[in-house]
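Here are the chains, one letter per residue:
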Amino acid sequence: MDHLSEAARIRRGVVRLNRRLRQERGNEAGLTPNQLIVLGHLHRNGSATPGEVAAAERQRPQSLTRVFAELETEGLIARAPDPADRRQSVLTLTAQGRRALDQDMAERDVWLAEALASLSATERGVLELASALMERLADAAGEAGKA
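Reading the values: the criteria
Residues numbered from 1 in each chain as written. Predicted model: local features only at pLDDT ≥ 70, side-chain atom pairs only at ≥ 80, totals over all residues. Heavy atoms only, no water. Helix = DSSP H or I, 4+ residues; strand = E, 2+ residues; numbered from the N terminus. Buried < 20%, exposed > 50% of the residue type's maximum accessible area, 1.4 Å probe, protein only. Contact = heavy atoms within 4.5 Å. Core = buried A, V, L, I, M, F, W, Y, C linked by side-chain atoms within 4.5 Å. Axes fitted to C-alpha atoms, helices over the stretch in contact; angles between N-to-C directions. Parallel < 35°, antiparallel > 145°, perpendicular 65-115°, else oblique. Nonpolar A, V, L, I, M, F, W, Y, C, P; charged D, E, K, R; others polar. 1 Å grid on protein atoms, 1.4 Å probe; cavity = no way out; pocket = protein on both sides within 12 Å on 5 of 7 lines; lining within 4 Å. Points joined across faces, edges and corners; volume = space filled by probe spheres on them. Pairing = 2+ DSSP bridges.

J.: I would appreciate a short explanation of the overall build of the chain in the present structure.
T.: Across its full length, the chain carries six helices and two strands. In sequence order, the chain lays out its α and β elements as α-α-α-α-β-β-α-α. Once the C-alpha set of the chain is aligned to its principal axes, its extents read approximately 50 × 40 × 20 Å. Relative to its full complement of 147 residues, the chain shows a buried share of 22%. A sequence separation of at least 24 residues applies to 52% of the contacts in the chain between residues at least 6 apart.

Here is the structure:
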């Protein structure tokens, strides 16, 4: 079955909403998109090696080396030797990093909450269900092409 037209409509909606959420970030000098990716990954998944973060976020480790260093310098993540392999390091979200991530998300959540208020309870329920489905799609993205 061909789902290309559905996929295009969903993609357009997701891209437009993502663009708008980025615009609603209050602090222009705040966290960069890659910094948010790293902090968000550590928040969702816990401590990880730089290679694990890069692989999970589908980026090359070299692309995130500077980001890791910046976040460590700013006290948003901590780096420690990996107890299982001393040649590796493990990145951990600090309390300061968690606060920075929370603040960034809160700015966008305020706008989204106001926008959701203009929708009916049914529409909000549909979006809540859709968000769970989008999470499933994002988690299964690597598996879709193998089926």
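J.: Any chance you could explain the nonpolar core here in plain terms?
T.: Soluble globular proteins tend to pack their nonpolar side chains together in the buried interior. Membership of the largest hydrophobic core comes to 18 residues, with the highest contact counts inside it found for Val 38, Leu 39 and Leu 42. Among the elements of the structure, helix 2 (33-45), helix 3 (50-56), helix 4 (61-73), strand 2 (89-93) and helix 5 (95-116) are those that each provide at least two residues to this core. Excluding residues that lie within four positions of it along the chain, Val 38 makes contacts with Val 53, Leu 64, Val 67, Phe 68 and Leu 71.

J.: Hey, could you run me through the packing of helix 2 against helix 5 in this one?
T.: Taken N-terminus to C-terminus, the directions of helix 2 and helix 5 make an angle of 110 degrees; their axes are 10 Å apart at the nearest point. With respect to each other, helix 2 and helix 5 are oriented roughly perpendicular. Across the interface between the two elements, Leu 36, Leu 39, Gly 40 and His 43 of helix 2 pack against Gly 97, Arg 98, Leu 101, Asp 104 and Arg 108 of helix 5. When the residues that make up the contact of helix 2 with helix 5 are grouped by side-chain class, the tally is three nonpolar, three polar and three charged.

J.: For this particular structure, what's the right way to read the layout of surface pockets?
T.: Any space left empty among the atoms is revealed by the rolling of a water-sized probe across them. By volume, the largest pocket is sized at about 1900 Å³. Around the largest pocket, the lining is made up of 42 residues, and of these Val 14, Leu 17, Asn 18, Leu 21 and Glu 135 lie nearest the centre. Among the elements of the structure, helix 1 (4-23), helix 2, helix 5 and helix 6 (121-144) are those that each provide at least two residues to the lining of the largest pocket. The biggest single contributor to the lining of the largest pocket is helix 6, with eleven residues. When grouped by side-chain class, the residues that make up the lining of the largest pocket number 22 nonpolar, nine polar and eleven charged.

J.: How should the pairing of strand 2 be read in this particular structure?
T.: Each regular strand shows side chains that alternate between the opposite faces of the sheet. By the criterion of burial, strand 2 is predominantly enclosed, with four of the five residues buried. In this structure, strand 1 (residues 77-81) lies alongside strand 2, joined through five bridges in antiparallel fashion. The residue bridging Ile 77 from the neighbouring strand is Leu 93, located in strand 2.

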